[in-house]
Every structure is written in C-alpha cells, then in structure tokens.
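# Coordinate analysis (summary)
Each chain, letter by letter, is given below.
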Amino acid sequence: GGFVAGGAGFDQRCFGVSAAEAGALDPQQRLLLEASYEARHGGGARRAALLGGDGGFWVGIERPDWALLSAGRPASVYAVTGDTTSVAGGRLSFVLGLQGPCVSVDTACSSALAAVHGAWAAARAGECGGGCASAVSLKLSPLPTLGAAAAGMLSADGRCKTWDARANGDVRSEGVGCAARAVEEGSAAAGGVAVGGVAVRQDGRSASLTAPNGSAQRVLLGAAWGAAGVAEVAVEAHGTGTALGDPTEAGSLSAVARAGGGSGGGPVVGAAKASVGHSEAASGQVGLLRARSGAAGGEACGNAQLRSLNPLVGERLGS
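Residues numbered from 1 in each chain as written. Predicted model: local features only at pLDDT ≥ 70, side-chain atom pairs only at ≥ 80, totals over all residues. Heavy atoms only, no water.

Before going further, it helps to examine the pairing of strand S3 (residues 131–137). Of all seven residues in S3, seven are buried; the element is thus mostly enclosed. Two elements, strand S1 (residues 56–60) and S3, share five bridges in a ladder whose sense is parallel. Residue Gly60 lies in a different strand from S3, and its bridge partner there is Ala135. Pairing between S3 and strand S4 (residues 175–180): six bridges, direction antiparallel. From the neighbouring strand, Val136 faces S4, where its bridge partner is Val176. (Buried < 20%, exposed > 50% of the residue type's maximum accessible area, 1.4 Å probe, protein only. Helix = DSSP H or I, 4+ residues; strand = E, 2+ residues; numbered from the N terminus. Pairing = 2+ DSSP bridges.)

Okay, structure coming up:
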C-alpha cells in the first residue's frame, strides 16, 4: 500500500483542540484541518480575515475506519463527533469561523472530484464567495483491505499497472489534499490552473453494481468536455489497472475526444494510480495535483508501470 507519512501526528494547539479531544479525533479529521488550513493560508487568506466569512468547505471522505478501531474503548464526550464523517467538514468551518456551505461527500472513489463539483457549482451560483474542496483517506483498519483482496480487486504483486497488459488490480493507498480558490468563479489556483467545466453522473445499470458502463462514461466526459470548451487535452484518467475498467475507460475517452474534434490518435492519457496506488476517496485530489504538475511543466506526466500496452486499451485509444 501507499501510506501518508506522519498520519498519526497533529498540531492540536494551532487549532485550539484539547489533548483529550485530539485523542478521540479520527486522524482523517486531523489531516483535513492541517491540509485545508495550509491551502487557505497558501492561497493568501489569513485566519482573522476568514472569521464570519461566507467561504465554504466540501470534503470527500468515506469509510470510517476510526469508528471500527474505537469500538470497545471507554466512552468519551468527544467520541460522537470524533468519528462522524459529517463532522469532518463541519470542524473545518468551525475552526476557521466560516459560515458558507459545508458538505461532507461520500461517492466512493469519486468523492474528491464530487466535492470539487459542489464547490465549483456553489461559487458559480453565488452561494458563497469561494471555497475549498478537500479530500482524505487513511487505511486505519486491515479489514477493508482483506475484503477487497478476497473479492479479487487488489493487485497480487502490489503494483497498479494502468493500461498495461499485466494489469491485475489496484493497490490501496492513503492521501490528503485540498484545492483552494480554484473553485472560485473567474479565478485560477496557484500555478495558473482553473476549473473550466465539471459534470457528475452515475453508471446506472451495468453488468454488476461495481462494473463500469462505457456509454454512461461517454455522456459524462462529453458534458465536462463541452462545459470546459476545449478540444485537445491531456487526460488524468481513473485508471485503476483492471482488466475490465481500463479498456472501458479508454474506449470512452477516445470516443469523446474524436467526437469533439481531437486528434486522430486519441488523447494523451495517464493515471496517478500507477505511481502511488488508489487512494480511493482522495484519489481525485491526487489526480488534480498530477494534472496541475503536467500543465505547469508544459508536458504530460509519464505512465509508471507501463511496459506492454494492453491490446484492448491500445485498440480503443487508437495506439
């Protein structure tokens, strides 16, 4: 797996949290406080100026492993709020004194980007003066990993081989991130990156509850592509490194790119999961950082673990 260094640490005094409460807090809430405050501060906002403002927080967060680990511990007055996902976003607004929208989002692996969608849409609609889209995922209990392994979802050799013929599943990883100000109407984040268009949809009926639906993906991609108003793109894909998911996504990307007037060879495509694994609820934030890095450098990031292109992926991408 991929793990966040220092995930157990927390600067409680900075946020006015007592030692007793800090001990009952889900480490995901601690990391969100630190990363979101750092992003706000790095974007030029000062704590005193935020108090009473209409800024908002949208947080991608899922599986409360902390609640599972806390079972059987002595009762604490802080336990109820310490392991509740809805409080994760509320704590950010409370500590910084922000009175804008505050939403915790759990849409599984798309949680981070669904949070970006909510923040972007609210800013455009004038519901708030701007906001932060944060996401976090820590693997605090081995039980979900054992369950995923039993279901055949994980790579047996511990590598997520996106687009590769050897693809045999993903690798569970941790992550935390926050996009500040990029969601505000008419503004760009540090590095000159702005959100031009967003869309959220669902697979609906497919082969199984967790199987992808290519036609639904094409509608989603077309909506986001059209809203952004671009033709030539470099794509940060979901790219889980699975025999079913990779070819399906490749076909959807290629079809939409060509329909939008893209090059005959298809879009330039990569995926962060091949480098750092699948951070699930936070994976969209990791992808945004990778896309931003490529845009700032003027070139697409490489595809780690790619040795021999999956023939089905190559066929769909036109490679």
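This part covers the packing of helix H2 (residues 27–42) against helix H6 (residues 85–96). At their nearest, the axes of H2 and H6 sit 10 Å apart, and the two run at 45° to each other. On the basis of the axis angle, H2 is oblique to H6. Remark: the crossing between H2 and H6 carries right-handed chirality. Side by side, H2 and H6 meet where Gln29, Leu32, Leu33, Ser36 and Tyr37 of the first sit next to Val87, Ala88, Arg91, Leu92, Val95 and Leu96 of the second. Among the residues making up the contact of H2 with H6, the classes are represented as eight nonpolar, two polar and one charged. (Axes fitted to C-alpha atoms, helices over the stretch in contact; angles between N-to-C directions. Parallel < 35°, antiparallel > 145°, perpendicular 65-115°, else oblique. Left-handed = near helix turned anticlockwise from the far one by under 90°. Contact = heavy atoms within 4.5 Å. Nonpolar A, V, L, I, M, F, W, Y, C, P; charged D, E, K, R; others polar.)

Before going further, it helps to spend a moment on the environment of Pro101. Its location among the elements puts Pro101 in the loop between H6 and strand S2 (102–105). On a C-alpha basis, the gap between Pro101 and Pro247 in space is 38 Å, while along the polypeptide they are 146 residues apart. When near neighbours in sequence (up to four residues on either side) are disregarded, Pro101 contacts Asp54, Gly56, Phe57, Trp58, Glu127 and Cys128.

On the basis of which strands lie adjacent, the open sheet formed by four strands has the order S2-S1-S3-S4 and mixed pairing. Only two strands of the sheet have a single partner each, and these edge strands are S2 and S4. Neighbouring strand axes in the sheet, compared pairwise and without regard to direction, differ in orientation by 10° on average.

Counting 25 residues, the largest nonpolar core has Phe10, Phe15, Leu32 and Leu96 as the members making the most contacts within it. If one sorts the elements of this core by residue count, H2 sits on top with five residues. The contact partners of Phe15, leaving out residues within four places of it in the chain, are Phe10, Leu33, Glu34, Tyr37, Arg47 and Val95. Residues Trp225, Val235, Ala257 and Val313 belong to the second largest nonpolar core, which totals eleven residues. (Core = buried A, V, L, I, M, F, W, Y, C linked by side-chain atoms within 4.5 Å.)

Below, the discussion takes up the packing of helix H7 (residues 111–124) against helix H12 (residues 283–297). At a minimum axis distance of 5 Å, the contact between H7 and H12 shows a crossing angle of 75°. By the angle between their axes, H7 is roughly perpendicular relative to H12. Across from Ala112, Leu113 and Val116 in H7, the residues of H12 making contact are Gly284, Gln285 and Leu288.

In the structure shown here, the tally under the stated rule is six salt bridges. One salt bridge connects Glu280 with Lys139, and the closest N-O pair in it is separated by 3.5 Å. A residue pair is termed long-range when its members are at least 10 positions apart, and Glu280 in the loop between helix H11 (273–276) and H12 and Lys139 in the loop between S3 and helix H8 (143–150) qualify at 141 residues. Considered together, Glu280 and Lys139 belong to a single accessibility category, that of buried residues. Here Lys161 makes a salt bridge to Asp157, at a shortest N to O gap of 2.9 Å. The class for Asp157 is partly exposed, based on a relative accessible area of 48%. (Salt bridge = Lys/Arg side-chain N within 4 Å of Asp/Glu carboxyl O.)

One pass over the structure, following the stated rule, counts two aromatic pairs. Centre to centre, the rings of Phe10 and Phe15 are 5.8 Å apart; their planes meet at 5°, and the pair counts as stacked. Using a relative accessible area of 18% as the deciding quantity, one classes Phe10 as buried. Accessibility expressed as a relative area gives 8% for Phe15, which makes it buried. Ring geometry for Phe15 against Tyr37: centres 6.0 Å apart, planes inclined by 90°, an arrangement best described as edge-to-face. You can see Phe15 sitting in the segment before helix H1 (19–24) and its partner Tyr37 sitting in helix H2, a full 22 residues away along the chain. Per residue, the accessibility class of Phe15 equals that of Tyr37, and both read buried. Through successive ring pairs, a cluster of aromatic residues spans Phe10, Phe15 and Tyr37. Looking at Arg30, its charged tip hangs above the ring of Trp66, at a distance of 5.7 Å from the centre. (Phe/Tyr/Trp six-rings, centres within 6.5 Å; stacked < 30°, edge-to-face > 60°. Lys NZ or Arg CZ within 6 Å of the ring centre and 35° of its normal.)

With that out of the way, let us pick up helix H10 (residues 245–259). Across its 15 residues, H10 extends 21 Å between first and last C-alpha, which sits within 8% of the 21 Å expected from 1.5 Å per residue. Along H10, twelve of the 15 residues are buried, which leaves the element largely enclosed by surrounding structure. Inspection of H10 places Gly245, Asp246, Pro247, Thr248, Glu249, Ala250, Gly251, Ser252, Leu253, Ser254, Val256 and Ala257 among the buried residues, and these make up the whole buried set. Of the surrounding elements, those touching the buried residues of H10 are helix H9 (214–228), strand S5 (234–236), strand S6 (268–270) and helix H13 (311–317). (Expected span 1.5 Å × (residues − 1).)

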